[in-house]
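# Topology and contacts: notes
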Amino acid sequence: DGLLLTIAQQHQGIEPLLSTFFSFLHRKTDFFTRPQQAKDAVQQAMSRYIAMAEAAEMEKKRKAAEEAAAAAKKQEELKKHPRVEVLDDDEDDAAATAAAEAAKRKKDLEEKMKATQEAKEDEDGNKPKGLPPTAGNGFAYENYIWSQSLQEAEVRVPLPATGVKGKMLDVEISTSRLRVGMKGKAPIVDGELFAKVKHDDSMWTIEDGSTVVIHLVKLNQMEWWKTIIVGDAEIDLQKVQPENSKLDDLDSDTRQTVEKMMYDQRQKAMGLPTSEEQKKQDILKKFMAAHPEMDFSNAKMC
């Protein structure tokens, strides 16, 4: 077929192609030495393929007629049972399911907030600084679920409908703000982001027609977030657990920097000095020990 297709394309038409084919038979074979037999052979081949073409055309018309009949029947059924009623029922079911799941997440959030507030001090005298983070170092709020790494954050927003398309949504990601919702309805998520993101690198998609998944690329890729939207309950950064495999993938210098940053964040969360502050304190202590005659009672760390 490939060879014949190439030959046909070179002739730019059926008549030149046939002319070349018959010219070949005339010049290189004895096909035309018996004119009547040649004519019968050509006619027989033509009849066979004309019959095949006619059969294919009839089958095409038959299928078109069946599709038209099915469409007419469907249209008649829609007149008796309007499609909008079915869609409304489906939408109501999806909204009810989404509301039930949101209520469950809200209840869980309230219980964990209460437990955090009532928690007693540990052996070091520390109390939780926020909600216990999930395995993904985020949390499940009433209207969205989020997770994070040092460089990125993922936000999953369940929708009150199924089969949702992009054109049905109102999603806006800016450097410092996020809004997600269905067009014509109040936003599901709308507020200022905990920290700035790289707008051009961040994106969103629809999963299973019922969940908006937002991928946020952090501007500061050496920072853990306490939440996604400012004002929402915050997680306890002391309990964030980075994946060891992620750290193992880093080169030694970068890993050292990340581990130092994580240590400093935990120290700050506990109200303790960071590594730099500890270094300054150590230098001051050594200087004080070397100069006992000096008064350092009013000395302050800068």
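Keep in mind that what you see is a predicted model, and the values were worked out from it rather than measured.

So, on to the overall build of the chain. Of regular secondary structure, the chain possesses seven helices and eight strands. For the chain, the residues scored as buried account for 23% of the 302 residues in total. Working note: accessible area of the chain is about 21200 Å², and carbon and sulfur atoms make up 53% of it.

A few words now on the sheet that holds strand 1 (residues 139-140). With antiparallel pairing, the five strands of this open sheet are ordered in space as 1-2-3-8-7. Each edge of the sheet is formed by a strand with only one pairing partner; in this case those strands are strand 1 and strand 7 (203-207). As paired strands, strand 2 (residues 145-148) and strand 3 (residues 152-158) are joined by four bridges and run antiparallel to one another. Within strand 3, the residue paired with Q148 across the bridge is A153.

Moving on to the nonpolar core. In terms of nonpolar packing, the biggest core is built from 36 residues, with Y144, W146, L178, I214, L216 and I228 touching the most fellow members. Non-local contacts of L178, meaning those with residues more than four positions away in its chain, are made with E172, I173, V189, D190, G191, L193, I214, I228 and I229.

As paired strands, strand 4 (residues 169-173) and strand 5 (residues 177-182) are joined by five bridges and run antiparallel to one another. Within the sheet, the bridge partner assigned to E172 lies in strand 5 and is R179. A loop of three residues connects strand 4 with strand 5, the two strands running antiparallel in sequence. Between the end of strand 5 and the start of strand 6 (residues 189-192), which pair antiparallel, lie six residues, with G184 showing a positive phi angle near 85 degrees.

Turning our eyes to something else, we now look at the side chain of K218. Mapped onto the elements of the fold, K218 is located in the loop between strand 8 (211-217) and helix 5 (244-248). For the buried residue K218, which engages in no salt bridge, the nearest side chain bearing the opposite charge is E223, 6.6 Å off. A polar contact is formed between the side chain of K218 and the backbone oxygen of S149, at a distance of 2.8 Å. With sequence-adjacent residues up to four places away left out, K218 is seen in contact with Q148, S149, L150, Q151, E152, A153, K196, V197, K198, E223, W224 and W225.

Strand order across the open sheet formed by three strands is 4-5-6, with antiparallel pairing between neighbours. Only two strands of the sheet have a single neighbouring strand rather than two, namely strand 4 and strand 6. Sheet twist, expressed as the mean angle between neighbouring strand axes with direction ignored, is 10 degrees.

Attention now moves to the packing of aromatic side chains. Each aromatic ring pair is characterised by the separation of its centres together with the angle its planes make. Throughout the structure, instances matching the rule amount to six aromatic pairs. With centroids separated by 5.7 Å and ring planes inclined at 40 degrees, the aromatic side chains of F139 and Y141 adopt a geometry described as tilted. Judged by centre distance (5.0 Å) and plane angle (75 degrees), the ring pair of Y141 and Y144 falls under edge-to-face. Taken together, the aromatic side chains of F21, F22, F31 and F32 make up a single cluster linked through ring pairs.

On average, residues of the chain score 83 in pLDDT, and 87% of them reach the 70 mark or higher. The secondary-structure element of the chain with the lowest mean pLDDT is helix 5, recorded at 54, while strand 6 shows the highest, at 96. Residue range residues 83-87 is modelled with pLDDT below 50. Its contacts to residues more than four positions away, or to other chains, number one contact.

As a further point, take the environment of A115. Mapped onto the fold, A115 is located in helix 4 (residues 83-118). With relative accessibility at 47%, the residue A115 sits in the partly exposed group. Spatially, the C-alpha atom of A115 lies 8.9 Å from that of L131, the residues being 16 residues apart in sequence.

Phi at N137 takes a positive value of approximately 60 degrees, unusual for a residue other than glycine. Along the chain, the position of N137 falls in the loop between helix 4 and strand 1. Judged by relative accessible area, which is 5%, N137 ranks as buried. Even without being a glycine, D208 presents a positive backbone phi close to 60 degrees. Relative to the assigned elements, D208 resides in the loop between strand 7 and strand 8. Look at D208 and you get exposed, because its relative accessible area is 69%.

Quick notes on the rules
- Residues numbered from 1 in each chain as written.
- Predicted model: local features only at pLDDT ≥ 70, side-chain atom pairs only at ≥ 80, totals over all residues.
- Heavy atoms only, no water.
- Helix = DSSP H or I, 4+ residues; strand = E, 2+ residues; numbered from the N terminus.
- Buried < 20%, exposed > 50% of the residue type's maximum accessible area, 1.4 Å probe, protein only.
- Areas by Shrake-Rupley, 256 points an atom, 1.4 Å probe, with all protein chains shown as cover.
- Pairing = 2+ DSSP bridges.
- Core = buried A, V, L, I, M, F, W, Y, C linked by side-chain atoms within 4.5 Å.
- Contact = heavy atoms within 4.5 Å.
- Lys, Arg positive; Asp, Glu negative; His and termini not counted.
- Salt bridge = Lys/Arg side-chain N within 4 Å of Asp/Glu carboxyl O.
- Polar contact = N/O pair within 3.5 Å; in protein donor to acceptor, adjacent residues only side chain to side chain.
- Axes fitted to C-alpha atoms, helices over the stretch in contact; angles between N-to-C directions.
- Phe/Tyr/Trp six-rings, centres within 6.5 Å; stacked < 30°, edge-to-face > 60°.
- pLDDT = per-residue confidence, 0-100.

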